[in-house]
Amino acid sequence: MHTNATWLSFTRSDKWTEEQLTEAMVAASYAMNAFIPLFIRCDAQDMAVVPQVKATHNDLPTFFVYDRYPGGIGLSERVYDLWEPLIQRTLEHVAQCPCDSGCPACIGAQHDADQKVRVRTLLQQLQ
Ligand SMILES: [Zn+2]
């Protein structure tokens, strides 16, 4: 589908394996996706947050936010100006969630007990 997107790339830390980075980015995307509707007043189904560990255009870890409509309807453009508060709010939510290692209310159910810590570290790096 041809649509519009905005993206946020960052420099990869050498501390994590590719698998750890991939899983942390997937979990962070899950959490961010929950907050986009609060910032741009859309339905959660209107947008998709898609992580790529190595984006084709710059080889960097990148979060893409897509409009889920053919041609786009301008939603992702609005996210472009809101990355900072979106990441801040997502980080606060993940940090305040009373679960130990991730749950459906924050980063999704996780099999790795350290995943929640990694997501918090990742979101802090993005600020
Ligand atoms: Zn949780």
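Everything below is about the structure shown above.
A. Quick peek at the overall build of the protein chain. On a plain count of helices and strands, the protein chain comes out with four helices and three strands. Ordering the α and β elements of the protein chain from the N terminus gives β-α-β-β-α-α-α. The globule rule puts the C-alpha radius of gyration for 127 residues at 14 Å, and the 14 Å found for the protein chain is close to it. With the C-alpha coordinates aligned to their principal axes, the bounding extent of the protein chain is approximately 40 × 30 × 25 Å. Across the 127 residues in the protein chain, those meeting the buried criterion constitute 30%. Partitioning the contacts of the protein chain with sequence separation of at least 6, the portion at a separation of at least 24 is 64%.

B. Representation of the pairing of strand E2 (residues 47-52) within the structure. Side chains Met47, Val49 and Pro51 project from E2 onto a buried face, and the interleaved Ala48, Val50 and Gln52 project onto a face without burial. Taken together, the six bridges between E2 and strand E3 (residues 62-67) define a ladder with antiparallel strand orientation. Within the sheet, the bridge partner assigned to Val49 lies in E3 and is Val65.

C. Molecular detail of the packing of helix H3 (residues 83-96) against helix H4 (residues 115-126). Between H3 and H4, whose axes approach to 10 Å, the crossing angle comes to 155°. With respect to each other, H3 and H4 are oriented roughly antiparallel. Classified by chirality, the crossing of H4 by H3 is left-handed. Residues Ile87, Thr90, Leu91, Val94 and Ala95 of H3 pack against Lys116, Val119, Arg120, Leu123, Gln124 and Leu126 of H4.

D. How the structure looks around H4. Compared with the 16 Å implied by 1.5 Å per residue over 12 residues, the 17 Å span of H4 between its first and last C-alpha is a close match. The set of residues buried in H4 consists of Gln115, Lys116, Arg118, Val119, Leu122, Leu123 and Leu126. Down the axis of H4, the buried set is contained in an arc of 160°. They therefore lie on one face.

E. A look at the sheet that holds E3. Strand order in this open sheet of three strands is E1-E3-E2, and the pairing throughout is antiparallel. This sheet does not close on itself; its edge strands, each paired only once, are strand E1 (5-9) and E2. The sheet shows a mean angle of 20° between the axes of neighbouring strands, taken without regard to direction. In the sheet, E1 pairs with E3 via five bridges, with the strands oriented antiparallel. Bridge pairing links Thr6 to Val65 in E3.

F. Quick look at the nonpolar core. If you look at the biggest cluster of nonpolar residues, it comprises 26 residues, and the most contacted ones within it are Ala28, Ala31, Val119 and Leu123. Listing elements by their share of this core, those giving two or more residues are helix H1 (18-40), E2, E3, helix H2 (75-80), H3 and H4. No other element matches the nine residues that H1 contributes to this core.

Rules used in this analysis
- Residues numbered from 1 in each chain as written.
- Predicted model: local features only at pLDDT ≥ 70, side-chain atom pairs only at ≥ 80, totals over all residues.
- Helix = DSSP H or I, 4+ residues; strand = E, 2+ residues; numbered from the N terminus.
- Rg over C-alpha atoms; globule rule 2.2 N^0.38 Å.
- Buried ≥ 20, exposed ≤ 12 C-beta atoms within 10 Å, placed from the backbone.
- Contact = placed C-beta atoms within 7 Å.
- Pairing = 2+ DSSP bridges.
- Axes fitted to C-alpha atoms, helices over the stretch in contact; angles between N-to-C directions.
- Parallel < 35°, antiparallel > 145°, perpendicular 65-115°, else oblique.
- Left-handed = near helix turned anticlockwise from the far one by under 90°.
- Expected span 1.5 Å × (residues − 1).
- Arc of directions from axis to C-beta.
- Core = buried A, V, L, I, M, F, W, Y, C linked by C-beta atoms within 7 Å.

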